[in-house]
Amino acid sequence: MLESLDPGIIDAVVGGHNHNIVHHWVNGVPVVQTTSGGYYSHIIYLRFDHKTNKLISDKTLIEGPLPTCEKIFKNTKRCDFIENNVDTGPLVQYSFHNKEILPDKSLQMIFSRWYNEVRKMKEVIGYTEEVMIRVKDKENLLGNFVSDAIRIITNSDFSVYNNGGLRSTWYPGDITVQNLHEMFPIDNIVTTWKMTGSEIKKMMKIIQKGKRGLYQISGLSIKINPVHEVLDIKSYDGSEIIDNKEYTFAGVNFEIPFGGDDFENVISWYQPRDVEYYGLIRDNMINYIRSIKHIRAEDYIDPNHKRIDIVSMNLKNSKPLAFNFLF
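A brief structural summary. (Residues numbered from 1 in each chain as written. Predicted model: local features only at pLDDT ≥ 70, side-chain atom pairs only at ≥ 80, totals over all residues. Heavy atoms only, no water.)

Our focus in this paragraph is the sheet that holds strand β1 (residues 13–14). Taken together, the three strands give an open sheet; going across it, the order is β1-β3-β2, and neighbouring strands pair in mixed fashion. In this open sheet, the two strands that pair with only one neighbour each are β1 and β2 (22–26). Alignment of β1 against strand β3 (residues 29–33), held across two bridges, turns out to be parallel. When the bridges of β3 are listed, Val13 appears paired with Val31. (Pairing = 2+ DSSP bridges. Helix = DSSP H or I, 4+ residues; strand = E, 2+ residues; numbered from the N terminus.)

The structure is reproduced here in structure tokens:
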């Protein structure tokens, strides 16, 4: 659009919604956009002729992306944590134009009126030794922890949790009630339903291959190939899942019975049976973390016994595989 317009029609553009950082010029027009989470901002300096009130376009400047947090990671200069074995360094005080960022006193006075109202959100309910972040392409600490909690809370055989229901990151240290509201802002309800072994196998094959896969699981052990086709599925203890045996499966109502995300392709053939509700996922997780206090990676991740084992595809030497899925 900017490339098709004559100069001077638009002086600056602030974009949004698609979560990508943009900081450049198009056809002489400054264009800025920040990512989700409120981590960064930009400044556009527009200079005017005070006599004519006209913009002096050749003196327009843009600055950014600028961290909007009080502290940044020393090595990356970012507010947000980076995975992939990057040494982010410790959190340090952020400064802007060599000046330390300090709270505005007038704003502090305004917010102080509401401090007691939000005090309960600051309650520490547990502690994590590791970064807990949403990961979509493999089993991970956060996904395993949440799916385990749902299975244990409901005393179910198996559980599943959709990645879209995880909306934040927990860093090493205290976990507060506020952190739970940030991680689970959607009022999904912990739910159980009954399924036969053959229905479970069919469901797993559909959702893990779906647009929103991989789905985090508990009580199960599956082998999949790099394109998320399920090759084998067993109970996590190694026992076979019996086709005609009925099991209790747990998740949230967004999945079953609502049929959100790839579960839309499950409720097209599966009529939910014996559905029971256990309250909001957020409230259940708050109570669960209060009960266990301490989250350790070794309690939820076993590199020698994976829940989701992604195996390579060797087409040259592979043999046809037979599976007992019922469709």
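Okay, the state of the cysteines next. Applying the stated rule across the entire model yields one disulfide. Between the sulfur atoms of Cys69 and its disulfide mate Cys79 the distance is 1.9 Å. On the S-S bond that ties Cys69 to Cys79, the torsion sits near -90 degrees, and the link is left-handed. Here Cys79 lies in the loop between β8 (71–73) and β9 (91–93) and Cys69 lies in the loop between β7 (61–67) and β8, a separation of 10 residues in the sequence. By relative accessible area, which is 10% here, Cys79 ends up buried. (Disulfide = S-S within 2.5 Å. Buried < 20%, exposed > 50% of the residue type's maximum accessible area, 1.4 Å probe, protein only.)

Look at helix α5 (residues 197–209): 18 Å from first C-alpha to last across 13 residues, which is about the 18 Å you get at 1.5 Å a residue. For α5, every residue scored as buried is listed here: Gly197, Ser198, Glu199, Ile200, Lys201, Lys202, Met203, Met204, Ile206, Ile207 and Gln208. (Expected span 1.5 Å × (residues − 1).)

A word on the environment of Lys223. Summarising the element assignment, Lys223 is placed in strand β19 (residues 220–224). Lys223 gets classed as partly exposed once you look at its relative accessible area, which sits at 37%. For Lys223 and Ile310, which are 87 residues apart along the polypeptide, the C-alpha to C-alpha distance reads 5.9 Å. What Lys223 contacts, discounting residues up to four positions off in sequence, is Glu229, Val230, Leu231, Asp232 and Asp309. (Contact = heavy atoms within 4.5 Å.)

This part covers the sheet that holds strand β16 (residues 173–176). For sheets, the rule is that strands pair by backbone hydrogen bonds, running either parallel or antiparallel. Judged by pairing direction, the sheet is mixed, and its three strands sit side by side in the order β16-β12-β23 without closing on themselves. One side of each edge strand has no neighbouring strand; the edge strands of this open sheet are β16 and β23 (294–295). When strand β12 (residues 124–128) meets β23, the two strands line up parallel, connected through two bridges. The residue of β23 that forms the bridge with Tyr127 is His294. Running over the sheet, helix α6 (residues 281–292) touches β12, β16 and β23 and is turned about 65 degrees from β12. (Axes fitted to C-alpha atoms, helices over the stretch in contact; angles between N-to-C directions.)

Of the strand pairs in this sheet, β19 and strand β20 (residues 230–235) are connected by five bridges, and their pairing is antiparallel. By the bridge assignment, Leu220 is partnered in β20 with Ser235. Between β19 and β20, which follow one another and run antiparallel, lie five residues, and His228 among them has a positive phi close to 70 degrees.

Attention now moves to the packing of helix α3 (residues 141–154) against α6. Taken N-terminus to C-terminus, the directions of α3 and α6 make an angle of 90 degrees; their axes are 10 Å apart at the nearest point. With respect to α6, the axis of α3 lies roughly perpendicular. Facing α3, whose interface residues are Phe145, Val146, Ala149, Ile150, Ile152 and Ile153, α6 presents Ile281, Asn284, Met285, Tyr288, Ile289 and Ile292. A breakdown of the residues in the contact of α3 with α6 according to their chemical character gives 11 nonpolar, one polar and no charged. (Parallel < 35°, antiparallel > 145°, perpendicular 65-115°, else oblique. Nonpolar A, V, L, I, M, F, W, Y, C, P; charged D, E, K, R; others polar.)

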